[in-house]
Amino acid sequence: CAVYRNVTGQPLHAGADPAVVIELLKRQMVSPVLWAPSVQRMMADGVAEFFECGPQQQLKAMMKRIDIKAWSRTSNVEV
């Protein structure tokens, strides 16, 4: 499955060059999180359900501002 990078908003597919992964991780540490573009790309790629792990439900709240249908398909899992 693809992993969506919040520094680019684009998917990174299985088998990606480790050097690319390292460069993206470095950029991610010092760059803004592109949450809305990442979610919009996931939806365009057919992702239908979203899960948030943690107690605060902050990501679910952001989902409501991005897409109300995606918000209704976002579940919170307390850990």
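Everything here concerns the structure above.
Notes on the structure follow. (Residues numbered from 1 in each chain as written. Predicted model: local features only at pLDDT ≥ 70, side-chain atom pairs only at ≥ 80, totals over all residues. Heavy atoms only, no water.)

### A look at the overall build of the chain
Here is step 1: Counting its secondary structure elements, the chain contains four helices and four strands.
Here is step 2: In sequence order, the chain lays out its α and β elements as β-β-α-α-β-α-α-β.
Here is step 3: Dimensions of the chain, computed from C-alpha atoms along their principal axes, come out at roughly 35 × 25 × 20 Å.
Here is step 4: Relative to its 79 residues, the chain shows a buried fraction of 20%.
Here is step 5: Partitioning the intrachain contacts of the chain with sequence separation of at least 6 by distance along the chain shows that 48% fall at a separation of at least 24. (Helix = DSSP H or I, 4+ residues; strand = E, 2+ residues; numbered from the N terminus. Buried < 20%, exposed > 50% of the residue type's maximum accessible area, 1.4 Å probe, protein only. Contact = heavy atoms within 4.5 Å.)

### Overview of the side chain of Thr 74
Here is step 1: Tracing the chain through its elements places Thr 74 in strand E4 (residues 74–77).
Here is step 2: Residue classification places Thr 74 among the buried positions, given a relative accessible area of 5%.
Here is step 3: In terms of polar contacts, Thr 74 uses its side chain to reach the backbone carbonyl oxygen of Ala 70, at 2.7 Å.
Here is step 4: Setting aside anything within four residues of it in sequence, one finds Thr 74 in contact with Phe 50, Lys 60 and Met 63. (Polar contact = N/O pair within 3.5 Å; in protein donor to acceptor, adjacent residues only side chain to side chain.)

### Section: the packing of helix H2 (residues 35–44) against helix H3 (residues 58–66)
Here is step 1: In the contact formed by H2 and H3, the axes pass within 11 Å of each other and the chain directions differ by 70°. Between H2 and H3, the crossing angle belongs to the class labelled roughly perpendicular. Here Trp 35, Ala 36, Val 39, Gln 40 and Met 43 of H2 come into contact with H3, specifically with Leu 59, Met 62, Met 63 and Ile 66.
Here is step 2: Of the residues that constitute the contact of H2 with H3, the class distribution is eight nonpolar, one polar and no charged. (Axes fitted to C-alpha atoms, helices over the stretch in contact; angles between N-to-C directions. Parallel < 35°, antiparallel > 145°, perpendicular 65-115°, else oblique. Nonpolar A, V, L, I, M, F, W, Y, C, P; charged D, E, K, R; others polar.)

### Describing the packing of aromatic side chains
Here is step 1: Across all of its chains, the model carries zero aromatic pairs by this definition.
Here is step 2: Sitting over the face of the ring of Trp 71, Lys 64 holds its NZ or CZ atom 4.6 Å from the ring centroid. (Phe/Tyr/Trp six-rings, centres within 6.5 Å; stacked < 30°, edge-to-face > 60°. Lys NZ or Arg CZ within 6 Å of the ring centre and 35° of its normal.)

### Digging into H2
Here is step 1: Within the span of H2, buried status applies to Ser 38, Val 39 and Met 42. On an axial view of H2, the arc spanned by its buried residues comes to 95°, and they lie on one face.
Here is step 2: On its buried face, H2 sits against strand E1 (3–4), strand E3 (50–53) and H3. (Arc of directions from axis to C-beta.)

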